Amino acid sequence: MKQQRIDNTLKLMEKEELDGVIYALGANMQYLLDCVDLYWQRTCMTNIVGRMSAYLYPEVFLYLKNDGDLRVFTNLHYYNYFKDKPYPVTLSYMDQFEDALAPYVKGKKIGLGYGCRDYLKELLAAIDPKIETVDAEDLLWSIRCIKDEDEIAKLKAIAKFTDEAVAWTVSNFRPGMTQIEAENLLIKYGLDHGVADLSFPPTIGFKTQNHITSADVEYYDRYTPLVAQTGMAFDVGYMNDGYCSDWGRTLYYGKAPSKIKDAYKALQSGQVHMVESIVPNKTNVNELYGLVKAKVTELGFGDDLRFPDSESLGHQIGIDCHEFPMVNKDYDYVLRPGMVFASEPKMFFKDECYMRVEDIILIKEDHAEFLTNFDRDRFEIEL
């Protein structure tokens, strides 16, 4: 456990006038206890659309009071993991958590994370009907978005691993293979190298020239064979040591039309221009889409950039694949050293390809740098 994380959380609790917070197994619990080796059930969009209980009942949860007292409540399944940790641990069971927790609950306003939220509301109401529960899943994002040295090292390692996984996968492409076979190569690489998990199901969307299978650019027929003039839109992330990657590119199988090659160069140039333009402690997340668009427009493809209305470009990344603040026009948050975000500008060319570039980017003291470094000039894959 890193005490600084607890101290920062207590300050946030004081600001929100919370008497305590409860987090079941999930990102906030892992962050506060630094239990990065403890598996929990992620979803791709846990902190965005996953605002519901990941589990109906908690198997383990932490309770942090506003006086700094922290205690873990766990069933027997997790007890051996927690029993030697440097904080009190109470062994109990789902139908006895009320009795176990009751002696420690103080105050009338308790913040809850999303995991097992409904159960925990009922649990607290049984202890004291006057307790007010409020959402506290997002309470920690202002401190979680600033990564410490250990977190940055883990994100660098998983970003490098992802670059290597994609390079190996591309080297094993063959004509006639299906999209699902290509995606399984990404999974195989992870399994063969002992990675802990995937951030989300990997996608390599095949869009063959003049043979778009759906008007929905997010949908791909996963059994379409790989043939010449196919754009392949990668979206892949791995998880190891408790931290996630999120990576994207479009590669083209065979000879690409000149317009498509130029568009890809423009999209890569926009990404690089955005990163080179960041001034830490000054540049806002809501400016980043505009920085990409300025360069892409200069190169003649501004009208092809997706999401012009929301100016959606990406998200922070760490324990969860998608963390806050998001990178779009609705978030007003200045980039600070230690922040790590995924930038994923996209284009779509009807009957040609769905084009995307996605990188993980670290904010340092005086500049920003790419943590993913797959060859930016590599686009056409030889048959």
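This section reports on the structure supplied with the text.

Criteria and thresholds
- Residues numbered from 1 in each chain as written.
- Predicted model: local features only at pLDDT ≥ 70, side-chain atom pairs only at ≥ 80, totals over all residues.
- Heavy atoms only, no water.
- Helix = DSSP H or I, 4+ residues; strand = E, 2+ residues; numbered from the N terminus.
- Expected span 1.5 Å × (residues − 1).
- Buried < 20%, exposed > 50% of the residue type's maximum accessible area, 1.4 Å probe, protein only.
- Contact = heavy atoms within 4.5 Å.
- Axes fitted to C-alpha atoms, helices over the stretch in contact; angles between N-to-C directions.
- Parallel < 35°, antiparallel > 145°, perpendicular 65-115°, else oblique.
- Left-handed = near helix turned anticlockwise from the far one by under 90°.
- Nonpolar A, V, L, I, M, F, W, Y, C, P; charged D, E, K, R; others polar.
- Pairing = 2+ DSSP bridges.
- Salt bridge = Lys/Arg side-chain N within 4 Å of Asp/Glu carboxyl O.
- Arc of directions from axis to C-beta.
- Disulfide = S-S within 2.5 Å.
- Patch = residues over 30% accessible without salt bridge, like charges linked within 9 Å, V, L, I, M, F, W, Y side chains within 5 Å.
- Areas by Shrake-Rupley, 256 points an atom, 1.4 Å probe, with all protein chains shown as cover.

1. Notes on helix α9 (residues 258–277)
For α9, with 20 residues, the first-to-last C-alpha span of 28 Å sits near the 28 Å given by 1.5 Å per residue. Looking only at α9, the buried set comprises Ile260, Ala263, Tyr264, Ala266, Leu267, Gln268, Gly270, Gln271, Met274 and Val275. Elements that come into contact with the buried residues of α9 comprise β12 (247–253), α10 (288–298), β15 (340–343), β16 (346–349), β17 (353–363) and β18 (368–370).

2. Some points on the packing of helix α7 (residues 149–171) against helix α8 (residues 179–192)
Two elements in contact, α7 and α8, have axes whose closest approach is 9 Å; the angle formed by their N-to-C orientations is 130°. Of the possible angle classes, the one that applies to α7 and α8 is oblique. When the axes of α7 and α8 are compared, the crossing they make is right-handed. Counted together, Phe161, Glu164, Ala165, Val166, Trp168 and Thr169 of α7 and Ala182, Leu185, Leu186, Lys188, Tyr189 and Gly190 of α8 form the full contact between these two elements. Along the lines of polarity and charge, the residues of the contact of α7 with α8 split into eight nonpolar, two polar and two charged.

3. Brief notes about the environment of Met274
Inspection of the secondary structure puts Met274 in helix α9. With 16 residues separating them along the chain, Met274 and Gly290 place their C-alpha atoms 8.4 Å apart. Ignoring sequence-local partners within four residues, the contact set of Met274 consists of Leu288, Leu291, Val292, Leu313, Phe341, Ser343 and Ile361.

4. Description of the sheet that holds strand β7 (residues 197–198)
Across the sheet, three strands lie side by side as β7-β10-β11; this open sheet has antiparallel pairing. Edge strands, defined here as strands with exactly one partner in the open sheet, are β7 and β11 (243–244). Inspection of the sheet shows strand β10 (residues 238–240) paired to β11 by two bridges, in the antiparallel sense. Bridging from a neighbouring strand, Asn240 pairs with Tyr243 of β11.

5. A few points about the environment of Asp197
Along the chain, the position of Asp197 falls in strand β7. Placed 53 residues apart in sequence, Asp197 and Thr250 show a C-alpha to C-alpha distance of 23 Å. Beyond its immediate chain neighbours, meaning those up to four positions away, Asp197 contacts Tyr39, Tyr238 and Met239.

6. Examining the packing of α9 against α10
For any two helices packed against each other, the geometry comes down to the angle between their axes and how far apart the axes lie. For the pair α9 and α10, interaxial distance at closest approach is 8 Å and the crossing angle is 135°. On the basis of the axis angle, α9 is oblique to α10. In the packing of α9 onto α10, the handedness of the crossing is right-handed. For the pair α9 and α10, contact is made by Ala266, Leu267, Ser269, Gly270, Gln271, His273, Met274 and Ser277 and by Leu288, Leu291, Val292, Lys295 and Val296, respectively.

7. Notes on the pattern of salt bridges
If you walk through the whole model with that rule in mind, you get 24 salt bridges. Close ionic contact of Arg356 with Asp235 constitutes a salt bridge, the shortest N to O distance being 3.7 Å. Taken as a pair, Arg356 in strand β17 and Asp235 in strand β9 (residues 230–236) lie far apart in primary sequence, 121 residues in all. The exposure class assigned to Asp235 is partly exposed, which follows from its relative accessible area of 23%. In this structure, the salt-bridge partner of Arg356 is Glu344, at a minimum N-O distance of 2.9 Å. Of this pair, Arg356 sits in strand β17 while Glu344 sits in the loop between β15 and β16, placing them 12 residues apart in sequence. Per residue, the accessibility class of Arg356 equals that of Glu344, and both read buried. A single salt-bridge network, built from bridges that share partners, covers Lys2, Arg5, Asp34, Asp148, Asp150 and Glu151.

8. Regarding α10
For an α-helix, the turn length of 3.6 residues means that residues three or four places apart are oriented alike. Residues Leu288, Tyr289, Val292, Lys295 and Val296 constitute the buried set of α10. Down the axis of α10, the buried set is contained in an arc of 140°. They therefore lie on one face. Elements in contact with the buried residues of α10: α9, β14 (323–327), β15 and β16. Among the residues trailing α10, Gly300 stands out with phi positive, at a value near 95°.

9. Structural notes on the state of the cysteines
Tallied over the entire structure, the rule returns zero disulfides. No disulfide involves Cys244; its sulfur sits 5.6 Å from the nearest other cysteine sulfur, which is in Cys321.

10. Observations regarding a nonpolar patch on the surface
Taken together, the side chains of Leu56, Tyr57 and Met94 present a nonpolar region at the surface, about 310 Å² in accessible area. Along the chain, the position of Met94 falls in the loop between β4 (89–91) and α4 (97–101). Judged by relative accessible area, which is 37%, Met94 ranks as partly exposed.

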